2 protein chains.
Amino acid sequence: MILIGDLKSLPDWLSYRAGGKKIGFVPTMGYLHEGHLSLVKRAKAECDIVVVSIYVNPAQFAAGEDLSRYPRDLQRDLSLLDPYQVDYVFTPDDRMMYPSGYKSWVEVKGISDLYCGASREGHFVGVATIVLKLVNLISADYMYMGEKDFQQITVLKTMLRDLNHHTQIVSCPIVREADGLAMSSRNVYLSVDERQNALGLYKALCKAREQYQAGINDITILQGSMLEILSAYNVKVDYIAIVDSESLELESRAGEKSRILIASFVGKTRLIDNMALRA
Amino acid sequence: MILIGDLKSLPDWLSYRAGGKKIGFVPTMGYLHEGHLSLVKRAKAECDIVVVSIYVNPAQFAAGEDLSRYPRDLQRDLSLLDPYQVDYVFTPDDRMMYPSGYKSWVEVKGISDLYCGASREGHFVGVATIVLKLVNLISADYMYMGEKDFQQITVLKTMLRDLNHHTQIVSCPIVREADGLAMSSRNVYLSVDERQNALGLYKALCKAREQYQAGINDITILQGSMLEILSAYNVKVDYIAIVDSESLELESRAGEKSRILIASFVGKTRLIDNMALRA
C-alpha cells in the first residue's frame with residue numbers, strides 16, 4: 001500500500017492500462033466504515049490495481065455545514081485499509097486540489113438542484129468537480145460508489161457520460177448496521193438517543209416498501225406512513241421523494257423502477273438513506 | 001486520412017499513447033483557412049498521430065448569432081486537409097455530442113464573463129464543454145489552437161489545468177492575409193467594401209504597438225489612437241481591452257506582458273483580433 005501525498009508522485013497509469021490492467025478507484029472523504037470497505041473489497045475482486053482516495057472536499061460543503069468538524073483520522077483509515085491490499089492511497093490536500101487561481105467548475109444541470117442539491121447549495125457542483133479531477137488524476141477504468149448517496153451516483157454517471165469520460169461507475173449496495181441504520185461517517189456525531197432515533201429512516205423506508213409490495217402505489221399514502229414513523233422517531237424530515245431510479249424525476253405513482261430518497265436531521269446531524277421499492 | 005463520423009469508430013488511442021506515440025489534436029469548426037492549416041502542419045511536425053475535428057458547436061453560439069449561416073463545406077475541408085497526411089478527421093453531429101438528456105456544462109469562472117464572454121452570453125461555457133468532450137474522446141497529448149481566439153486559449157488552458165486533464169494546449173501565432181487581416185472563417189461574410197474596412201483592426205493594433213514601442217504606455221492614449229483608426233475604417237467597436245496576457249486582467253499601464261484584444265462589428269460580421277505589445 002503506497003501512500004501518495006502529492007500530484008507528482010502519482011504513477012504512470014497509462015502503462016498499467018495499456019498493459020491490460022484495470023484500475024479500480026474508490027473515492028472517499030475518509031473516516032472509513034464498512035460501507036467504504038465493501039467498495040474496496042469489490043474493486044479488489046474486479047480490478048488489477050486499486051486506488052483509494054481520502055480527501056474531505058471543501059467545495060461540496062454548503063455554508064454553515066460540518067466541514068471543519070467532519071471526522072478525520074488518517075492512521076485509523078490506513079489501518080482499516082491494510083488487510084485489503086490496496087495498491088495506492090491518494091491523500092491530496094486543498095492547496096493541491098484548489099490552488100490559488102482555481103476557476104473551473106462542472107455542473108450537471110437539472111438534477112443538481114433537486115433534493116439534496118436544493119438543501120445544500122453548490123453541493124453537487126463541488127462533488128462533480130472534485131470527482132472529475134480525481135478520475136483525471138487516477139485515470140480509473142472503474143469507480144466504485146455506494147448507493148447511500150443515490151443522487152450523487154446519478155449526477156456523476158450523467159457527468160461522465162455527457163463529458164465522454166472513459167471512467168465507468170460501479171454502483172454498490174448500501175451497507176447497514178445490524179439494526180438497519182445505513183453506514184455513514186456522520187453517524188459518529190450521534191448521541192446514544194439520536195442513534196436510536198436515526199433508525200427511523202430505515203424503518204420508514206421498510207414500511208413504504210412493505211406497503212408497495214402489498215399493492216399500494218399511491219404516493220400520498222406511502223409518504224404518510226413514512227412521515228408517521230419518522231415523527232415517532234423524532235426525525236426532522238428535509239425531504240422524502242419517490243423518484244424514478246434513473247431520471248430521478250418524481251413519480252406520480254410508485255412502480256417497479258421507483259426509489260425512495262429521504263434526507264433528514266437527527267438532532268443537528270443530517271442523515272440520508274434510500275431504498276428501491278422492488279424487492 | 002480516415003473519416004470518423006460516429007463515436008464508436010474512434011480508434012483505441014490508449015494503445016497509441018502507450019506505444020509512445022504522441023497524439024496531436026486540432027479542433028475546428030470547419031471551413032478551413034490557412035490559420036487552421038498552420039495548426040495541422042505544426043501538429044504533424046510534432047506528433048505521431050494527428051486528428052482534426054470538424055464540428056460547428058451550437059452551444060458556443062449566443063442567441064441570435066450566426067449558427068445557422070456559419071459556413072460549412074466538408075468536401076472543401078477534406079480537400080484542403082488532403083496534402084497534410086492527417087491521420088483522422090472526426091466529424092461528429094449534434095445528436096452525438098448533445099444527445100437527448102444532455103446536462104453537463106463546464107464553466108471557467110472569472111474569465112468567461114469578460115470581453116467576448118460579456119458580449120456572447122454562454123459562449124465560453126459552450127467552448128469549454130465541447131473542448132473537454134473532444135479531448136476526452138480523442139485522448140490528445142497536445143491540442144493545437146490559434147491565438148486569434150486569445151481569450152479562448154486562456155479559458156481552455158485554465159480549464160485543463162484546473163481539472164487535472166493530461167491534454168496540453170500548444171498556442172500558435174495568428175495567420176494573416178497579405179495585408180494583415182487575421183484569417184477567419186467569418187471573413188467569407190464580408191462584402192468587398194467591408195473587406196477593406198476589416199483591415200482597420202490590424203491597422204489599429206499595429207498603431208498601438210508602434211506607440212508602445214516608442215515609449216507610450218498610457219492606456220487612454222493607446223486606446224484613443226486605436227479608436228481613431230477604427231472609426232476611420234468604419235469599424236464598430238465591441239471592446240478594446242489591454243490586458244495581462246496570462247491573467248487577462250486589465251492593465252493599468254501597458255507593459256511587456258500586455259496584449260491588446262479587440263472585438264468589433266464590420267457591417268453585421270463580428271471580427272476579433274489581438275496583438276502582443278512586445279515586438
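All values reported here derive from a predicted model rather than from experimental measurement.

Participant: Sorry, what's going on with helix H8 (residues 192–213) of chain A here?
Facilitator: Side chains of residues three or four places apart in an α-helix project in the same direction, reflecting 3.6 residues per turn. Residues and elements named next belong to chain A. With 22 residues, H8 should cover 32 Å at 1.5 Å per step; its first-to-last C-alpha distance of 33 Å lies within 8% of that length. Listed as buried for H8 are Asn197, Ala198, Gly200, Leu201, Tyr202, Ala204, Leu205, Ala208 and Tyr212. In this structure, the buried side of H8 is in contact with helix H9 (219–232), strand E9 (258–266) and strand E10 (269–276). Note on H8: the residue one or two positions beyond its end, Gly215, has a positive phi of about 110 degrees.

Participant: Where do I start with the domain arrangement of chain A in this structure?
Facilitator: By convention, interface size is frequently given as the accessible area that disappears when the constituent parts associate. Residues and elements named next belong to chain A. Along its sequence, chain A is carved into domain 1 (2–172) and domain 2 (185–276). Placing a centre on the C-alpha atoms of domain 1 and another on those of domain 2 gives a separation of 26 Å. Looking at the side of domain 1 that touches domain 2, the elements that each hand over two or more residues are helix H5 (116–119) and helix H7 (150–162). It is H7 that contributes the most residues to the side of domain 1 that touches domain 2, three residues altogether. Per-class residue counts for the side of domain 1 that touches domain 2 are eight nonpolar, four polar and one charged.

Participant: Would you mind going over the interface of chain B and chain A with me for this structure?
Facilitator: Opposite the 24 residues of chain B that make contact, chain A presents 24 residues. Ranked by residues supplied to the side of chain B that touches chain A, first place goes to strand E5 (residues 104–108) of chain B with five residues. Here the side of chain B that touches chain A is built from residues that sort into eleven nonpolar, seven polar and six charged.

Participant: I would appreciate a short explanation of the relation of the copies chain B and chain A in the present structure.
Facilitator: The relation between the two chain copies is a rotation about an axis coupled with a shift along that axis. The transformation that overlays chain B on chain A combines an axial shift of 0.0 Å with a rotation of 180 degrees, and the residual RMSD is 0.0 Å. Taken together, the rotation angle and the small translation identify this as a two-fold axis. When C-alpha distances to the rotation axis are compared across chain B, the minimum falls at Val106(B), with a value of 2.2 Å. Counting the interface residues of chain B, we find that 100% of their copies in chain A are interface residues as well, pointing to one common contact surface.

Participant: Just checking my understanding: could you explain unusual backbone geometry for this structure?
Facilitator: Only a minority of non-glycine residues have a phi that is not negative, and only a minority of peptide bonds are not trans. Residue and element names in this part refer to chain A. Within the chain, Tyr115 stands out as a residue other than glycine whose phi angle is a positive 50 degrees. Considering the arrangement of structural elements, one finds Tyr115 in the loop between strand E5 (104–108) and H5. Assessed through the 25 C-beta atoms surrounding it within 10 Å, Tyr115 is described here as buried.

Participant: Explain the sheet that holds strand E6 (residues 142–146) of chain B to me, please; I cannot follow it from the model alone.
Facilitator: Residues and elements named next belong to chain B. If you walk across this open sheet you meet the six strands as E1-E4-E3-E2-E6-E7, and the pairing is parallel. Bordering the open sheet on either side are strand E1 (2–4) and strand E7 (168–172), each of which pairs with just one other strand. The mean angle between the axes of side-by-side strands here comes to 25 degrees, regardless of whether they run parallel or antiparallel. Against the sheet, helix H2 (residues 34–46) contacts strand E2 (23–28), strand E3 (49–54), E6 and E7, and its axis sits at roughly 170 degrees relative to E2.

Participant: Can you walk me through the sheet that holds E9(A) in this structure?
Facilitator: Within a sheet, neighbouring strands are paired by backbone hydrogen bonds and run either parallel or antiparallel to one another. Residues and elements named next belong to chain A. The strand order across the open sheet built from three strands is E8-E9-E10, with neighbouring strands paired in antiparallel fashion. Of all the strands in the sheet, the pair left with one neighbour each is strand E8 (236–244) and E10. If you compare each strand with its neighbour and ignore which way they point, the axes differ by 15 degrees on average. In this sheet, E10 lies alongside E9 in antiparallel orientation, the contact comprising eight bridges. The partner of Ser264 across the bridge, within E10, is Leu271. Contacting E9 and E10, H8 runs over the sheet at an angle of about 160 degrees to E9.

Participant: Which parts of the structure should I look at to understand helix H6 (residues 123–138) of chain B?
Facilitator: Residue and element names in this part refer to chain B. For H6, spanning 16 residues, the distance from its first C-alpha to its last is 22 Å, which sits close to the expected 22 Å at 1.5 Å a residue. Most of H6 sits inside the fold, with 13 of its 16 residues counted as buried. With its phi angle positive at about 55 degrees, Ser139 sits one or two positions after the end of H6.

Participant: Whenever I open this one, the environment of Val108(B) confuses me. Can you help?
Facilitator: Turning to its location among the elements, Val108(B) is positioned in strand E5. The sequence separation of Val108(B) and Met159(B) amounts to 51 residues, and the corresponding C-alpha distance is 6.2 Å.

Participant: How should the nonpolar core be read in this particular structure?
Facilitator: Grouped burial of nonpolar side chains is what soluble globular proteins tend to show. Grouped together as the largest cluster of nonpolar side chains are 84 residues, with contacts concentrated most on Ala128(A) and Ala128(B). Ranked by the residues each element gives to this core, the list is headed by helix H6 (residues 123–138) of chain A, at eleven residues. Contact partners of Ala128(B), with chain neighbours within four places excluded, come to Val106(B), Glu107(B), Val108(B), Val155(B), Leu156(B) and Met159(B).

Participant: Explain the pairing of E5(A) to me, please; I cannot follow it from the model alone.
Facilitator: A regular strand carries its side chains on alternate faces of the sheet. Taking burial as the measure, the five residues of E5(A) include five buried ones, the bulk of the element. Of the two faces of E5(A), the one carrying Ser104(A), Val106(A) and Val108(A) and the one carrying Trp105(A) and Glu107(A) are both buried. With five bridges joining them, E5(A) and E5(B) adopt antiparallel strand pairing. The residue of E5(B) that forms the bridge with Ser104(A) is Val108(B).

Cut-offs used in this document
- Per chain, the residues get numbers from 1 upward, laid out in the order the sequence is written.
- Chains carry letters from A onward and ligands carry numbers from 1 onward, assigned in written order.
- Predicted model: local features are reported for residues with pLDDT of at least 70 only, side-chain atom pairs are reported and counted for 80 or more only, and whole-chain, interface and lining totals are derived from all residues.
- Per the convention used, a helix needs a DSSP run of H or I reaching at least four residues, while a strand needs a run of E reaching at least two, with both numbered from the N terminus.
- Under the convention used throughout, the expected extent of a helix is 1.5 Å for every residue step, that is, one less than its residue count.
- Our exposure labels follow a C-beta count within 10 Å of each residue's own C-beta, placed from the backbone: buried means 20 or more other C-beta atoms, exposed means 12 or fewer, and partly exposed covers the counts in between.
- A pair of residues counts as a contact when their C-beta atoms, built from backbone coordinates, are within 7 Å of each other.
- Domain delimitation in this document rests on an assignment produced automatically or drawn from a domain database.
- We call Asp, Glu, Lys and Arg charged. Ala, Val, Leu, Ile, Met, Phe, Trp, Tyr, Cys and Pro are nonpolar, and the rest, Gly among them, are polar.
- Copies overlap after least-squares fitting; the atoms used are the C-alpha atoms of residues with pLDDT of at least 70 in both.
- The rule for pairing is simple: two strands pair if DSSP sees at least two bridges between them.
- Convention adopted: a line fitted to C-alpha atoms gives each axis, helices being fitted over their contacting stretch, and angles between N-to-C directions are expressed from 0 to 180 degrees.
- To define a nonpolar core, we join buried Ala, Val, Leu, Ile, Met, Phe, Trp, Tyr and Cys residues through C-beta atoms within 7 Å and take the resulting set.

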